[in-house]
Amino acid sequence: MQRIRLRYTKRGRLRFTSHRDFQRAFERALRRAEVPMAYSAGFTPHPKVSYANAAPTGTGSEAEYLEIALTEARDPETLRVLLDESLPAGLDITDAVEARTSGLADRLTASVWELRLDGVTPEDAEKAVDAFLAAETVEVQRKTKNGIRSFDARSAVAELQARSAADRPLDNACAILRLVVRHVTPAVRPDDVLSGLRAVADLAPPVPAAVTRLAQGLFDEESGTVTDPLAPDREAVTAATPTAAATASATAPGTGSA
């Protein structure tokens, strides 16, 4: 059984698709592309697809990940192109690699988010960010199926910066927040950080923020960066592939042990 790991996006209007909507669209794409999927056992077999840490409905993303299991080997790039052509524009398959390591989900320990705050000046956003980062704890509330839950939104935030939007109209203020948040329990989402900014600095954008996940992966505590979670698989594939020179040397007459 071959396992392929894919990176995909949610762009434009398709950011409003739910995770279940994407699952249905992706399974249809698998059938259109005639992918030789492995199926689960039981009375209602399902394609073996593992989704990892999907973004909330309403947020865009450049870095969503999943893994599929195949009954026949396929070239990852050829498979990526076929699946990308079978999905609607906005749900784009941007990377594919054969799984050569374990624990993809374990390498998704942090996310990089961009929050576009139309109607908020960069100066006001920067003051709110400074107040948020200066606080030891920032308690926020979220409605769950078990009622209202309170938790600290500050401890999960590894980085929070404010800047001006480069494309903003001269007559319209717009601030951009860059947020790096660790994946903890309970999960701290971008809207929780916005609630925290409202709590500590009364920052309230007049329109809902446009939120996009730019990256997710393993968080490097020393550098503060989020690394590519597919890199170990690419490195393993490269290490396992013999170079042309090595192959020629191994098959040349007279080589080998005496």
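Structure shown above.
Residues numbered from 1 in each chain as written. Predicted model: local features only at pLDDT ≥ 70, side-chain atom pairs only at ≥ 80, totals over all residues. Heavy atoms only, no water.

Asker: What am I meant to see in the overall build of the chain here?
Answerer: Across its full length, the chain holds six helices and eleven strands. When the backbone C-alpha atoms are referred to their principal axes, the chain occupies close to 75 × 50 × 40 Å. A fraction of 75% describes how many contacts in the chain between residues 6 or more apart in sequence connect residues 24 or more apart. Surface exposure of the chain reaches about 14100 Å², of which carbon and sulfur atoms provide 51%. (Helix = DSSP H or I, 4+ residues; strand = E, 2+ residues; numbered from the N terminus. Contact = heavy atoms within 4.5 Å. Areas by Shrake-Rupley, 256 points an atom, 1.4 Å probe, with all protein chains shown as cover.)

Asker: Got a minute to help me understand the pairing of strand β10 (residues 210–220) in this structure?
Answerer: For a regular strand, side-chain orientation follows a simple rule: the groups alternate between the two sheet faces. Across two bridges, the pairing between strand β3 (residues 60–70) and β10 is parallel. Bridged to S61 within β10 is R213. Sheet topology places strand β5 (residues 110–118) next to β10; seven bridges connect them, and they run antiparallel. Bridging across to β10, W113 finds its partner in R213. Direction of pairing for β10 relative to strand β11 (residues 225–227): antiparallel, over a ladder of three bridges. Directly across from F219, in β11, lies its bridge partner V226. The turn linking β10 back onto β11 is made up of four residues, and G224 within it adopts a positive phi angle of 75°. (Pairing = 2+ DSSP bridges.)

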